[in-house]
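# Notes for the structure review
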Amino acid sequence: MRRKALGLLGFASGVFAGSVLYRRTVARRRERVDVYFEDGSMITYDDGSPEAAELLPIARDALDAARR
């Protein structure tokens, strides 16, 4: 009985760790724009929002220029 419980706990831990890794990898692939304000506040626009649709091409151009 104890062996089954440990096996089940190990399996559940593996599934949990796998889901965390999967979510982190998927989150990295999504583009977003972070806008920082002078007062120290910040707002994030995720890919797909109207604001991000305007700002992402500008940000891509700025990053390309900085890499050259």
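For the structure given in this document, a descriptive report is provided here.

### Focus on the pattern of salt bridges
Counted according to the given criterion, the structure contains three salt bridges. Residues Glu 31 and Arg 60 are paired through a salt bridge, measuring 2.5 Å at the closest nitrogen-oxygen approach. Here the residue Glu 31 occupies a position in the loop between α1 (2-29) and β1 (32-36), and Arg 60 occupies one in helix α2 (residues 50-67), the gap between them amounting to 29 residues. Asp 34 serves as the salt-bridge partner of Arg 32, at 3.7 Å between the closest nitrogen and oxygen.

### Overview of a nonpolar patch on the surface
Taken together, Leu 8, Phe 11 and Val 15 make up a surface patch of nonpolar side chains, about 340 Å² in accessible area. Along the chain, the position of Leu 8 falls in helix α1. A relative accessible area of 58% means that Leu 8 is categorised as exposed.

Cut-offs applied
Residues numbered from 1 in each chain as written. Predicted model: local features only at pLDDT ≥ 70, side-chain atom pairs only at ≥ 80, totals over all residues. Heavy atoms only, no water. Salt bridge = Lys/Arg side-chain N within 4 Å of Asp/Glu carboxyl O. Helix = DSSP H or I, 4+ residues; strand = E, 2+ residues; numbered from the N terminus. Patch = residues over 30% accessible without salt bridge, like charges linked within 9 Å, V, L, I, M, F, W, Y side chains within 5 Å. Areas by Shrake-Rupley, 256 points an atom, 1.4 Å probe, with all protein chains shown as cover. Buried < 20%, exposed > 50% of the residue type's maximum accessible area, 1.4 Å probe, protein only.

Interpretation in functional terms is not warranted from these geometric data alone.
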